[in-house]
Amino acid sequence: MSGPVSTEDAVPLPAVAPGVARPVLELTSARATRVGSLPVRRLLPRRARRTVGSWCFADHAGPVGGTRPGELGIGPHPHMGLQTVTWLVHGELVHLDSLGSEQPIRPGQLNLMTAGRGVAHAEEDGGRGAGLHAVQLWVAQPETTRNGPAAFEHHATLPQAELDRATVTVLVGELAGAVSPARRDTGHMGAELLLRPPGVVLPLRHDYEYALMSIEGTVLVGGSAGAAVEPGTLAYLGEGRDECGLAVAQPARVLLLGGVPFPEPLFMWWNFVARNRHEVSEARRQWAEGADRFGTVRSALERIEVGRPPWE
Ligand code: MN
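Please read all numbers here as calculations on a predicted model, not as lab measurements. (Residues numbered from 1 in each chain as written. Predicted model: local features only at pLDDT ≥ 70, side-chain atom pairs only at ≥ 80, totals over all residues. Heavy atoms only, no water.)

S.K.: Kindly report on the coordination of the manganese ion, identifying the contributing residues and their values.
M.R.: Six octahedral donors around a metal ideally subtend angles of 90 or 180 degrees, whereas four tetrahedral donors ideally subtend 109.5 degrees. Around the manganese ion, the donor atoms from the protein are His77 (NE2), His79 (NE2) and His121 (NE2), and they sit 2.1 to 2.2 Å away. All donors to the manganese ion come from one chain, and their sequence spacing reads H-x1-H-x41-H. Of this pair, His77 sits in strand β5 (residues 74-79) while His121 is found in strand β10 (residues 119-125), placing the two residues 44 residues apart along the sequence. (Donors = N, O, S within 2.8 Å, 3.2 Å for Na, K, Ca; no water. Helix = DSSP H or I, 4+ residues; strand = E, 2+ residues; numbered from the N terminus.)

Shown next, in the form of structure tokens:
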């Protein structure tokens, strides 16, 4: 999947993340859009909520039913300054990148690509027409690594923790004593929770801000009298919580994202996470010219281009 952040998602001006240093409950609706032929709900960035910790992009794709084989692929496109986190609930994708990686991914597995100064990748439909239900997330890289080399890692299995009424799978960072082996350049975490009735009280970190998104089902955030969160809504929880009650009447699958509020101003446009428009203009021009910076992806799919940004 690609992440074409546009001015409909968030005005591309540098802005320090407006973290809220106390517990809150802000519900933000996703924007319905498409990535290639795939319908997605874009939960981050939105004008009202650009980041959660270093998480700066969240697309919930599908579920789409049976499709023509190969229909869902996304052709080669560039990234910089971010990590892509790919997580599947159903279907199969094949990740190809300019480092030479070729990696199928299936539900329960993690693909983590670090763009650094520049990388290109494609995601081909490996599902043989099975359809797709997936989440694609980006993590903003800090100043210390964002101009560094690109990297890719695949985790076929991830650590799990059992709470009373939830199975926790940790994609990155730590939750409930389970620690992911995935690379982590900032203080952040991401975990999938399979919730069973009547729900759980989740242990949280006081110094992290958090948000929750539902992938399947309805969860009441704040306990049985809490706010209903369904697919297509991001529930931002703020900071300063030691725990949070999640109630469900039926099984539900949710993602918890958290981290230390990102301290640097971000400038995001198209597939680039930067600090100012000059960096983005330069990267776009170099992609258009086929510069070595982003390398070459061995994919049968068509390379994705973009026109000049609105400030040029
Ligand atoms: Mn991408």
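So, next bit.
S.K.: Talk me through the packing of aromatic side chains; I want residue IDs and the actual numbers.
M.R.: Taken as a whole and assessed by the stated rule, the structure comprises seven aromatic pairs. A centroid spacing of 6.0 Å and a plane angle of 45° characterise the contact between Tyr208 and Tyr210, whose relative ring orientation is tilted. Of the two residues, Tyr208 and Tyr210, neither departs from the other in class, the shared state being buried. With a centroid separation of 5.6 Å and 75° between ring planes, the pair formed by Trp270 and Phe272 is classed as edge-to-face. Across the pair, exposure class does not vary: Trp270 and Phe272 are buried alike. Taken together, the ring pairs in this structure connect Trp270, Phe272, Trp287 and Phe294 into an aromatic cluster. Residue placement shows Arg49 over the ring face of Tyr236; its charged tip is 3.6 Å from the ring centre. In this structure, Arg303 packs its charged tip against the face of Trp287, placed 3.7 Å from the ring centre. (Phe/Tyr/Trp six-rings, centres within 6.5 Å; stacked < 30°, edge-to-face > 60°. Buried < 20%, exposed > 50% of the residue type's maximum accessible area, 1.4 Å probe, protein only. Lys NZ or Arg CZ within 6 Å of the ring centre and 35° of its normal.)

S.K.: Could you give an account of the sheet that holds strand β1 (residues 23-29), with specific residues and numbers?
M.R.: If you walk across this open sheet you meet the seven strands as β1-β22-β19-β24-β17-β14-β13, and the pairing is antiparallel. Whereas interior strands pair on both sides, the edge strands pair on one side only; in this sheet they are β1 and β13 (160-163). Each strand axis lies, on average, 20° off the axis of its neighbour in the sheet, ignoring direction. The pairing of β1 with strand β22 (residues 233-238) spans five bridges and is antiparallel. Residue pairing in the sheet places Glu26 in a bridge with Tyr236 of β22. (Pairing = 2+ DSSP bridges. Axes fitted to C-alpha atoms, helices over the stretch in contact; angles between N-to-C directions.)

S.K.: Tell me what's going on with the side chain of Thr33, and back it up with residues and numbers.
M.R.: Looking at the secondary structure, you find Thr33 in strand β2 (residues 31-35). Setting aside residues up to four positions removed in sequence, Thr33 forms contacts with Leu38, Pro39, Val40 and Arg42. (Contact = heavy atoms within 4.5 Å.)

S.K.: Before we move on, can you summarise unusual backbone geometry with the specific residues and values?
M.R.: Going from Leu44 to Pro45, the amide bond is cis rather than trans, its omega being -10°. Relative to the elements of secondary structure, Pro45 occurs in the loop between β3 (38-44) and β4 (55-64). Residue Pro63 is reached from Gly62 by a cis peptide bond, and omega for that bond is 5°. Among the structural elements, Pro63 can be located in strand β4. The backbone of Ala176 sits at a positive phi, close to 55°, despite the residue not being glycine. Examined against the element boundaries, Ala176 turns out to sit in the loop between β15 (174-175) and β16 (178-179). A relative accessible area of 30% means that Ala176 is categorised as partly exposed. A positive phi angle is found at Trp270, which is not glycine, with a value near 50°.

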